[in-house]
Amino acid sequence: MSQYRTFSARDAVAYAQQFAGLDNPSELVDAQEVGDGNLNLVFKIFDAQGVSRIIVKQALPYVRCVGESWPLTLDRARLEAQTLVEHYQHSPQHTVKIHHFDPELAVMVMEDLSDHKIWRGELIANVYYPQAAAQLGNYLAQTLYHTSDFYLHPHQKKAQVAQFINPEMCEITEDLFFNDPYQVHERNNYPAALEADVVALRDDATLKLAVAALKHRFFSHAEALLHGDIHSGSIFVADGSLKAIDAEFGYFGPIGFDVGTAIGNLLLNYCGLPGHLGIRDAAAAREQRLADIQTLWATFAERFQALATEKTRDVALAQPGYASAFLKKVWADAIGFCGTELIRRSVGLSHVADIDTIKDEEMRHTCLRHAISLGKALIVIAERIDSVEELIARVRQYS
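What you see is a predicted model, and the numbers here were worked out from it, not measured in a lab.

Cut-offs used in this document
- Here, residues in each chain are numbered from 1, in the same order as that chain's written sequence.
- Reporting in this predicted model follows two pLDDT cut-offs: at least 70 for local features of residues, and 80 or more for side-chain atom pairs to be given and counted; totals over whole chains, interfaces and linings ignore these cut-offs and use all residues.
- Water and hydrogen atoms play no part in the side-chain values, which are based on all heavy atoms of the structure.
- Think of it this way: a Phe, Tyr or Trp ring, Trp meaning its six-membered ring, pairs with another when their centres are within 6.5 Å, and the plane angle makes it stacked under 30 degrees, edge-to-face over 60, tilted otherwise.
- Note on criteria: charge over ring means Lys NZ or Arg CZ within 6 Å of the ring centre, with the direction from the centre no more than 35 degrees off the ring normal.
- UniProt positions are given in the numbering used here, feature names are shortened, and annotations may be inferred rather than shown by experiment.
- Labels follow the DSSP assignment, with helices taken as runs of H or I lasting at least four residues and strands as runs of E lasting at least two, numbered in each case from the N terminus.
- Contacts are residue-level and defined by heavy atoms, with any inter-residue pair within 4.5 Å sufficient.
- Buried means the residue's accessible area, taken with a 1.4 Å probe over protein chains only, is under 20% of the maximum for its type, while exposed means over 50%, and partly exposed covers the values in between.
- As a rule, the C-alpha atoms of each element are fitted with a line to give its axis, helices using only the stretch in contact, and angles between N-to-C directions run from 0 to 180 degrees.
- Crossing handedness follows the turn of the near helix against the far one: under a right angle anticlockwise gives a left-handed crossing, and clockwise gives a right-handed one.
- Only strands joined by at least two bridges in the DSSP assignment are considered to pair.
- Buried residues of nine kinds, namely Ala, Val, Leu, Ile, Met, Phe, Trp, Tyr and Cys, make up a nonpolar core once their side-chain atoms join them within 4.5 Å.

### Here's the deal with the packing of aromatic side chains
For any pair of aromatic rings, the description consists of the separation of the ring centres together with the inter-plane angle of the planes. With the rule as written, the count across this model stands at 21 aromatic pairs. Pairwise contacts between aromatic rings join Y145, F150, Y151, W297, F300, F304, Y322, F326 and W331 into one cluster. The residue whose ring lies beneath R286 is Y270, and the NZ or CZ to ring-centre distance is 4.3 Å.

Structure representation (structure tokens):
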């Protein structure tokens, strides 16, 4: 049985040679650690010609940006690998492929996506991928439908819920999304100039009641196997291609959480664009983000509805009209969770480059305030936003 140790570049090469499944493993000769997140080591494994051929990813036993004072379970690596394997079964074209996983070492070997780019960086640079929003909508529909009660036998669903129990990582989400931004906490991270805006969040009883309801749904609605952190930094894109990665927060939760997180990151980009582009280009790019949101939701809802019509096995859930009614609840949840993503990425521990890399300080603060005010509004009025067209109208209202 393997015993955990933190990999060096040399360890990663040797591991890839053993488990990458290449015809000639000795051609793998070098590695570079490229991880820019808080939870893992990520090694690109190169051949003698300097071509990246495979990825080796190892979970760390602590949060990188904090250190060993914030320990993490290594079991999250198992959960990530199994989530990606399950999602790959239902959406292979949009999920990174896992070649091998070792739970003791918390290591996985996966396909190399060097021919792709992280979507967040491309959005910031105003590089447009016309199929990406629809592809993301399709990924969410396929993975969330096929791991839901609409498709799974009740015994199978309950067994999977038990298999994917992820309490430590869920606790991080619960704190960062629903607790920290609404109280004084050492993990919060925002400019002093925004203190009044943050105090207003803490003092808003109506807002905090709505957040409490969202947290309760996150606790208790085991609707499908979520990616759990599906933001534009956990998505690779290329011409005609989109792949989801980094699913260590995977667990059975409310479907609207994944949908809302995805929409929220498109809106974070929307909020930050004036800090990266000229007035005319920013306005055009913002309109494209709103169109992306419309496409994402329309694709997701239409595909989920079609799958429910074609494949639902439960007699009661197959009742005509039920899937449509269910999707209305998913939409309301998604708007609320979208709002929590906007706020936590503005005042909490983990920010996004869409806003943080804005060079002009005053503009950066303006964009942060925009994200906070929009997030707050979406949380409070989520139940009254009954369509994606209404969401777009509200976004424009708060711009």
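Once you've had a look at it, read on.
### Overview of the UniProt feature "binding site: substrate" (unreviewed entry) in the protein chain
What UniProt calls "binding site: substrate" (unreviewed entry) maps, in this numbering, to D229 and R344. Maximum C-alpha separation among the annotated residues is 12.9 Å over a sequence range of 116 residues, consistent with a single clustered spot. Within the secondary structure layout, D229 lies in the loop between β9 (224–226) and β10 (235–238). With sequence-adjacent residues up to four places away left out, D229 is seen in contact with S234, F249, D258, R344 and R345. Positionally, R344 belongs in helix α11 (residues 322–347). Using a relative accessible area of 5% as the deciding quantity, one classes R344 as buried.

### With respect to the packing of helix α4 (residues 132–146) against helix α10 (residues 279–311)
Viewed as axis vectors pointing N to C, α4 and α10 meet at an angle of 35°, and their least axial separation amounts to 7 Å. Crossing hand, α4 versus α10: right-handed. In contact with A133, A134, L136, G137, N138, L140, A141, Q142, L144, Y145 and H146 of α4, α10 contributes D292, T295, L296, T299, F300, R303, F304, L307, A308 and K311.

### Section: the pairing of strand β3 (residues 52–59)
Of all eight residues making up β3, seven are buried, and the element is well covered by its neighbours. Pairing between strand β2 (residues 40–47) and β3: seven bridges, direction antiparallel. What sits directly across from K44, in β3, is I55. Across five bridges, β3 lies against strand β7 (residues 107–111) in antiparallel orientation. By the bridge assignment, Q58 is partnered in β7 with V107.

### Remarks on the side chain of S148
In this fold, S148 is placed in the loop between α4 and α5 (154–163). Among all residues touching S148, those that are not within four sequence positions of it are K157, E223 and A224.

### Regarding the pairing of β2
Burial within β2 is extensive, with six of its eight residues counted as buried. Bridge count between strand β1 (residues 28–33) and β2: five bridges; the pairing is antiparallel. Across the sheet, the residue bridging to E33 is F43, located in β2. Taking the residues that link successive antiparallel strands as the turn, the β2-β3 hairpin has four residues, and the phi of G50 there is positive, at about 80°.

### Quick look at the sheet that holds strand β8 (residues 117–118)
Two orientations exist for strands paired in a sheet by backbone hydrogen bonds: parallel and antiparallel. What the three strands build is an open sheet, ordered β8-β10-β11; its pairing is antiparallel. The open sheet has two free edges, formed respectively by β8 and β11 (241–244), since each of these has just one partner strand. Sheet strands in contact with α4 are β10 and β11, and its direction is about 40° off that of β11.

### Describing the nonpolar core
Formed by 82 residues in total, the largest nonpolar core has its most connected members in L136, L140, L267 and F300. Element by element, the count of residues in this core is highest for α11, at 12 residues.

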